[in-house]
Every structure is written in C-alpha cells, then in structure tokens.
Amino acid sequence: MPQRLAASPLGGTPHRALNILALVTDAYGGHGGIAKQSRDVLEAMCADSNVARVVALPRAANHPLQPMPGKLVFDRAAAGGIASYVAAMTRHLVTGPRFDLIYCAHLNLLPLARIAARIAHAPSVACLHGLEAWTPHKRAWSRQAARNTDLVMSVSQLTLDRFRQWCPVPLDRCVVVPNTVHLEDFAMTARDEDLARRLGLADRTVIMTLGRMDAGEQAKGFDRIIAVLPRVMRERQDIAYLIVGRGDDRARLEALAAEHGVVDRVVFAGEIAESDKVAYYNLADAYVMPSVAEGFGLVFLEALACGLPCVASDFDGGREALRDGKYGQLIDPFDADALEAAILRAVATPRGVPADLDYFGIANFQPRIFAMLRQALSLSRNRK
C-alpha cells in the first residue's frame, strides 16, 4: 500500500483546509502531454484530504472538458488572452479564499505566479516539463522568477539537472515527480482489424510513434525512423510505420518518405481522440521514438500499459520513462545502425505489460504530490 499523507502537509493538525491557486497553460479542454500532466496534478491535489479547494486558471481550453473533481474550480474565463488571464487571477486573489499555495504549471507563467505568491503571502511551486527548462528563459523576469520560486518540481531528473545548469536552485528546494499513467485506461487487447484495414495496415508488422510533428523542433525522430525504414524492410518485408499526431512538419516527412521510397509503408493517421488511443496502440507491434527533446515521455507509459516493446533515446527523458532500460531499449538516436537493430529486436519481442508498471500509477503519483505540497509549505515556513 502506498504511504498516506499525514494529517497535515505541515505535519500537524491543520487550522483550516488548504486553498491552492493553479496557473496552467492547459489542462481540461487541452490536448497533449502537458495538459494531461496538469490534469493529473490537479486531481491529485484535490485527492488530498487537507485541501479544501483548488482554483485553476487555464491559458487555453479549446477541446471538450474532461470530467473534473468536485474540489476543483476551473475558470475558463481566464482563457481569453493575457488581459483576461490577469483579470481572472486578480479577481480570485482579491475576492476569493485566502490561498495557501500558488502552483505554476509552466515556466512561461512563472512571473505571474510569483506576483500571485507575493499578493497572497503564499509559497509558489514551479513545474518543469522539458525543453522549456533546459536553457535560460529568454525573458529576464522569468529567469528571476525561477530563481526565487519556493520549490521546483520537475517531471524528470534530466530536466531538473539541465535547468539547474542555468538556474542553480538549491537541491533542498527541488523535487522530481515523474509523470503518471492511468493504468485502468489502457490495456493489451486484440488488434482492431477493421481499423487496421482502414489505415492500410492489415497483415503488416507495425511500429508506431505518437506525437506532434513540429517543424521548429524536429525532435521526435520521425525522420530518423523513415530514413532507416528501407534497411529494416530488408529483414522485415511486412514492416510499416504508423505516425499518430498532427503538426506543421508533416509535408516535410511525407516528402522524406517519397525520397526513401517508403510512401506505401508510412501511414499518417492524424490527431486522434484520447478515447481512441488504446485501439491505435494495439495496432502496433512496437513503440519507437528516438527523440532528443522529451522531458519525460508520457507516451512510453501508455504504450507500455498496452504491452508494446519500446525503443527510446538515451539522450532525453525517455530514458527515465523506461527506467534506464528496464522497460525497453535505449539507443543513440543518431545512430542509424543502432536504430535499425533496435526496431528489429522490438518487433521480435513478445508483447507484455511490465509487472511493476504501477511504479508510475496513480496510486504512487498521488502520495508524491502530497509530499510535494508538504515540502513546499515547509520550505516557505523555514524561509520566513
């Protein structure tokens, strides 16, 4: 059984239940890894018996809202632009409950979070996801806010280490809370043959990558997989590559597939709903993402929960999602020979869910968030 939080985040009997103000880029009504992680954090906060209410202000909420916990106030009025965001934050600080903690879900919002913390006389927590924290922020006030936040919470040790190279926050003001996966939402199932036929994947051995095709970053490794596909086909003539996601780099990748003569082996499925993920993961025989800019790599946890053998980069946070190789292969993402060999090994590996994948489950994630709240409040008290 996971260890439960003590009676109070401060270690004693609370005078009153805690109120938290959360500044998020997106969460409910959002799509992608950061939105998902923000939802998980908000729900874990609401699961703490010492928390009375969490008020979350989103910068964007463009998709249908997912179900929310009863303690959460999700103020979509904040999502109308920066003026609307500041107005909503001010309104809650002035007319709402006294906030005991300010949680900031992205470095871009940290200057506002520090202002909110000063107004509320409350500690602030800054969450780091990945690439945005690896190099000094372009805005001086964001760099200053990062140095002054009470607690830094990173989704991976790699991201924390790279952040501290330019912003040397003391280690006693830092904590790593890895991303979580809702294991009950994923499962190893039979392939949906109708879906396979619609995508042109019937009777194919399928490798898959899910992610945004970003022309500015080009970091997921889609292009490296396409380039090595002709070599893989010499050993596995039935191989196909399924790319799930959208983005402005698709045209370049389609041209690359044509250049390498694999147009008929690369399937661009586009963006899919969260509810369709299980069916798509279960079309695949292996999940392959030789990326260079993942802060953690939540998609690896989802793929693992569907029983897929995984190949990740040894250069970024995917290494931690695969627990330093315990859950899958780690390779140099720029080594074409290593990528080819890893793909061939992966598709030959029997599928199966790791027995201890609940290390990343909600039952272990919630106590990590509870402990983070304790640490933030304790650090704030000690710094006064």
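The following refers to the structure shown. Computed from a predicted model, the values in this text were never measured in an experiment.

**Re the sheet that holds strand β3 (residues 72–74)**
One open sheet accounts for seven strands, arranged β3-β2-β1-β4-β5-β6-β7; its pairing is parallel. The sheet terminates laterally at β3 and β7 (174–176), the two strands that pair on one side only. Looking at each pair of strands side by side, their axes are set apart by 20° on average, direction ignored. With seven bridges connecting them, strand β1 (residues 18–24) and strand β2 (residues 51–58) associate as parallel partners. The residue of β2 that forms the bridge with Ile20 is Val54. Contacts from helix α3 (residues 110–120) reach β1, β4 (101–104) and β5 (124–128), with the element oriented near 175° to β4.

**Overview of the side chain of Gln329**
With respect to the element layout, Gln329 can be found in strand β13 (residues 329–331). Under the relative-accessibility criterion, Gln329 is labelled buried at 17%. In this structure the side chain of Gln329 is engaged in a polar contact, spanning 3.0 Å, whose partner is the backbone oxygen of Ala342. Setting aside anything within four residues of it in sequence, one finds Gln329 in contact with Cys310, Val311, Ala312, Leu322, Ala342, Arg345 and Ala346.

**A word on the pattern of salt bridges**
Following the criterion strictly, the structure yields 22 salt bridges and no others. For Asp40, the salt bridge identified is with Lys36, shortest N-O distance 2.7 Å. Residue Asp40 and its partner Lys36 are both found in helix α1 (residues 33–47); the two are separated by four residues, about one turn of the helix. Residue classification places Asp40 among the buried positions, given a relative accessible area of 5%.

**Topic: the nonpolar core**
In this structure, Tyr103, Met153, Leu242, Tyr281 and Tyr287 are the most contacted members of the largest nonpolar core, which totals 72 residues. Leaving out residues up to four positions away in the same chain, Tyr287 has contacts with Met208, Thr209, Leu210, Tyr281, Val299, Phe300, Ala303, Leu308, Pro309, Cys310 and Val311. In terms of nonpolar packing, the next biggest core, distinct from the first, is built from 33 residues, Val55, Leu110, Leu112 and Cys167 among them.

**A few points about the state of the cysteines**
Each disulfide consists of one covalent bond between the sulfur atoms belonging to two cysteines. Taken as a whole and judged by the stated rule, the model has zero disulfides. Between Cys46, a cysteine without a disulfide, and Cys127, which holds the nearest cysteine sulfur, the sulfur-to-sulfur distance is 16 Å. Given the relative accessible area of 7%, Cys46 is considered buried. The thiol of Cys174 is unpaired, and the distance to the nearest cysteine sulfur, on Cys167, comes to 8.5 Å.

**As for helix α8 (residues 222–235)**
Counted at 1.5 Å a residue, the expected span for α8 with its 14 residues is 20 Å, and the 20 Å between its end C-alpha atoms agrees. If you look at α8, its biggest bend is around 45°, right at Leu229, and the proline Pro230 turns up within four residues after that. All of the buried residues in α8 are Phe222, Asp223, Arg224, Ile225, Ile226, Val228, Leu229, Val232 and Met233.

**What to know about the packing of α8 against helix α9 (residues 250–259)**
Relative orientation of the contacting elements α8 and α9 amounts to 10°, with a least axis distance of 9 Å. Accordingly, the angle class assigned to the pair α8 and α9 is roughly parallel. Listed contacts from α9 to Phe222, Asp223 and Ile226 of α8 are Arg252, Leu253, Leu256 and Ala257. Classifying every residue of the contact of α8 with α9 gives five nonpolar, no polar and two charged.

**Overview of the layout of surface pockets**
By rolling a water-sized probe across the atoms, one finds the places where empty space is left. The computed volume of the largest pocket comes to approximately 1400 Å³. What lines the largest pocket is a set of 47 residues, among which Gly32, Gly33, Ile34, Arg212 and Lys220 lie closest to the centre. Residue assignment for the lining of the largest pocket shows that the elements contributing at least two residues are α1, α4 (131–134) and α11 (298–305). No other element matches the five residues that α1 contributes to the lining of the largest pocket. Taken together, the residues that form the lining of the largest pocket break down as 15 nonpolar, 18 polar and 14 charged.

**Some points on the packing of helix α2 (residues 82–95) against α3**
The packing of two helices is summarised by the inter-axis angle and the distance between the axes. Here α2 crosses α3 at 20°, and the two axes come no closer than 11 Å. Taken together, the axis directions place α2 and α3 in an arrangement best described as roughly parallel. Once α2 is placed against α3, the crossing between them reads as right-handed. Counting all contacts with α2, which are made through Ile82, Tyr85, Val86, Met89 and Leu93, the residues of α3 involved are Leu112, Ile115, Ala116, Ile119 and Ala120.

**Thoughts on the environment of Ala88**
In this structure, Ala88 sits in helix α2. Residue classification places Ala88 among the buried positions, given a relative accessible area of 2%. For Ala88 and Arg76, which are twelve residues apart along the polypeptide, the C-alpha to C-alpha distance reads 9.2 Å. Among residues more than four places away in sequence, those in contact with Ala88 are Leu57, Asp75 and Ala78.

**Here's the deal with the pairing of strand β12 (residues 310–313)**
Side chains Cys310 and Ala312 project from β12 onto one buried face, and the interleaved Val311 and Ser313 project onto a second face that is buried too. One crossover worth recording links strand β11 (residues 286–289) to the parallel β12 by way of α11, and it is right-handed. In this structure, β12 lies alongside β13, joined through three bridges in parallel fashion. In the sheet register, Ala312 faces β13, and the bridge partner there is Leu330.

What counts and what doesn't
- Residues numbered from 1 in each chain as written.
- Predicted model: local features only at pLDDT ≥ 70, side-chain atom pairs only at ≥ 80, totals over all residues.
- Heavy atoms only, no water.
- Pairing = 2+ DSSP bridges.
- Helix = DSSP H or I, 4+ residues; strand = E, 2+ residues; numbered from the N terminus.
- Axes fitted to C-alpha atoms, helices over the stretch in contact; angles between N-to-C directions.
- Contact = heavy atoms within 4.5 Å.
- Buried < 20%, exposed > 50% of the residue type's maximum accessible area, 1.4 Å probe, protein only.
- Polar contact = N/O pair within 3.5 Å; in protein donor to acceptor, adjacent residues only side chain to side chain.
- Salt bridge = Lys/Arg side-chain N within 4 Å of Asp/Glu carboxyl O.
- Core = buried A, V, L, I, M, F, W, Y, C linked by side-chain atoms within 4.5 Å.
- Disulfide = S-S within 2.5 Å.
- Expected span 1.5 Å × (residues − 1).
- Bend = angle between axes of the 7 residues up to and from the residue.
- Parallel < 35°, antiparallel > 145°, perpendicular 65-115°, else oblique.
- Nonpolar A, V, L, I, M, F, W, Y, C, P; charged D, E, K, R; others polar.
- 1 Å grid on protein atoms, 1.4 Å probe; cavity = no way out; pocket = protein on both sides within 12 Å on 5 of 7 lines; lining within 4 Å.
- Points joined across faces, edges and corners; volume = space filled by probe spheres on them.
- Left-handed = near helix turned anticlockwise from the far one by under 90°.
- Right-handed = clockwise from strand over helix to strand, strands pointing away.

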